[in-house]
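Spelled out from the first residue to the last, the chains are:
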Amino acid sequence: MKKIRQQHLREPVTPELLVSPSSQDGDLGSECPEDRGNWTGRLDFLLSCIGYCVGLGNVWRFPYRAYTNGGGAFLVPYFIMLAICGIPIFFMELSLGQFSSLGPLAVWKISPLFKGVGMGTILIVSLVAIYYNMIIAYVLFYLFASLTSDLPWQHCGNWWNTDLCLDHHVIKAGNTTFPVNITNTVSPSEEYWSRYVLHIQGSSGIGDPGRIRWNLCLCLLLSWTIVYLCILKGVKSSGKVVYFTATFPYLILVMLLIRGVTLEGAWKGIQFYLTPQFDHLLSSKFAFMETIVTAVTDEFPYYLRPKKASFSAVICIALFLMGLILTTEGGMYWLVLLDDYSAGFGLMVVVITTCLVVTRVYGMKRFCRDIHMMLGFKPGPYFRACWMVLSPATMMALLVYNIVKYQPSEYGSYRFPTWAEVLGILMGVLSCLMIPVGMVVAVLREEGTLWERVQQASRPAMDWGPSLEENRTGMYVASLAGSQSPKPLMVHMRKYGGITSYENTAIEVDREMEEDEEEESMM
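Residues numbered from 1 in each chain as written. Predicted model: local features only at pLDDT ≥ 70, side-chain atom pairs only at ≥ 80, totals over all residues. Heavy atoms only, no water.

Caption draft 1: Just helix H10 (residues 214-231), in detail. Helix length check: H10 (18 residues) gives 26 Å between terminal C-alpha atoms against 26 Å at 1.5 Å per residue, within 8%. If you check which residues of H10 are buried, you get Leu216, Cys217, Cys219, Leu220, Ser223, Trp224, Val227, Cys230 and Ile231. End-on view of H10: buried residues confined to an arc of 165°, all on one side of the axis. Away from the buried face of H10 by more than 90 degrees, exposed residues Trp214, Leu218 and Leu229 are located. (Helix = DSSP H or I, 4+ residues; strand = E, 2+ residues; numbered from the N terminus. Expected span 1.5 Å × (residues − 1). Buried < 20%, exposed > 50% of the residue type's maximum accessible area, 1.4 Å probe, protein only. Arc of directions from axis to C-beta.)

Here it is, written out as structure tokens:
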């Protein structure tokens, strides 16, 4: 009898207050959504973040932007923006997502009035995913084309080449002594890209897309198939894929660096590329799909989580069909339009709104307490200053500058027509319009006067907090199913043995909250 009693004392007893619906008998447990899925380890999460930050853009977009915006001078505003906006806002978004274990739609339980920010985010990510996968299709096309000893873009004389094609390798090998006029000439690789891969000569402009390039279409289909297989099981599958995709770009960058510096005249090229030209200063895939799928399934967990594989397939097929226009002879014009407008000023508006809502509406103290409870330490003065003032102010200034210095899109010598410019602007405006639309919907769901509805919709939802029950400590225990007390319930957790790894931090956070409440009452 004594042994049984001792064994009973050692085993923690979970009270009804802390029992999840899924652990109860009856119909209630069967109505709970399936497990959302979590990272299998810290390394999965770290590599996923690295893979999201380092990808094709580092090989393709960044060097191009640096070259066209002053070379080494471009690094000055780049690192300034990285310090003031990039790192702080990235940390804010990671903190919100990790703390709540929710996607960009459901995370706005933090303030339902601004759920439209999440809707705008999904729209932007969807547009970017359409054309970004087309870039991956180009990579696959060149991968298959390079599986030969004689590269097709190495020499002139092919059916797609013109009289302007000039093979510099032939000139160099021939050791010609007479001067060669190389003005108005085109390299074989450039004509291979424009006249064979894109077959852009078959289109007169964005309004004349021409025929579908079936080799590009098949590469795009393969690209979406790879993405679907990688996100099939959510973070459990994509978390393993990033072991390759997050490290492979670094290998490619190192290989390109070694190859580049060993070429003849490499140092002259490096000097030309990095020499600061201050007169040009300031003139200037998996994560995408996982963001879309997770956002929608978190919004409708009871219906979509059990069918996540089918839902992911529907999303991939839909975006593939939308991207078919990019595989046409005039598809490059549409890709440029998407690249210029889909994640432009609309994204800046979304980011500015996020900073203001988290710091002003939800509250900086509250947000820092959440991070303290999750990580065990509070953000320092640097992050708080950026979130409160520097990041939103800088983004607002950049937004105004882009509007004032607006220039129409162009591709080479081609100038986009007015209707295409209006369409591009509408793409950016539509993501911004999601914010007021979400506000109207949130206000209509509340009761009372207009001001009372706005106040109620701006407060965090009753179930806001860590998504996993074992992480709900301190003040967030009160929002669990069965809770009756509006106060923190750490006493109940201690009494019944429901202690988590966050207990000590939660107790400290609760104590600070009580002290702040006493100070406010005294004032």
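Caption draft 2: Expanded view of the packing of H10 against helix H16 (residues 308-322). Contact geometry for H10 and H16: axes closest at 10 Å, N-to-C directions at 155°. Judged on the interaxial angle alone, H16 and H10 are roughly antiparallel. Our pair here, H10 against H16, has a crossing hand that is right-handed. On H16, the residues that touch Cys217, Leu220, Leu221, Trp224, Tyr228 and Ile231 of H10 are Ala309, Ser312, Ala313, Cys316, Leu319 and Phe320. The residue makeup of the contact of H10 with H16, split by class, is 11 nonpolar, 1 polar and no charged. (Axes fitted to C-alpha atoms, helices over the stretch in contact; angles between N-to-C directions. Parallel < 35°, antiparallel > 145°, perpendicular 65-115°, else oblique. Left-handed = near helix turned anticlockwise from the far one by under 90°. Contact = heavy atoms within 4.5 Å. Nonpolar A, V, L, I, M, F, W, Y, C, P; charged D, E, K, R; others polar.)

Caption draft 3: Examining the confidence of the model for the protein more closely. Averaged over the protein, the pLDDT score is 78; the fraction of residues at 70 or greater is 73%. Low confidence marks residues 1-31, where pLDDT is under 50. Its contacts with residues over four positions away, or in another chain, come to 31 contacts. For the stretch residues 481-503, pLDDT sits under 50, and the model shows 48 contacts to residues farther than four places along the chain or on other chains. (pLDDT = per-residue confidence, 0-100.)

Caption draft 4: Fine view of the environment of Cys316. The residue Cys316 is located in helix H16 in this model. Cys316 gets classed as buried once you look at its relative accessible area, which sits at 4%. When residues no more than four places from it in sequence are discounted, the contact partners of Cys316 are Trp224, Tyr228, Ile231 and Met289.

Caption draft 5: Highlighting the nonpolar core. Within the largest apolar cluster, 92 residues are counted, with the highest numbers of intra-cluster contacts made by Trp224 and Met289. Per element, the largest residue contribution to this core is 17 residues, and it comes from helix H7 (residues 115-145). If near-sequence neighbours (up to four positions away) are discounted, Met289 is found in contact with Trp224, Val227, Ile231, Ile315, Cys316 and Leu319. (Core = buried A, V, L, I, M, F, W, Y, C linked by side-chain atoms within 4.5 Å.)

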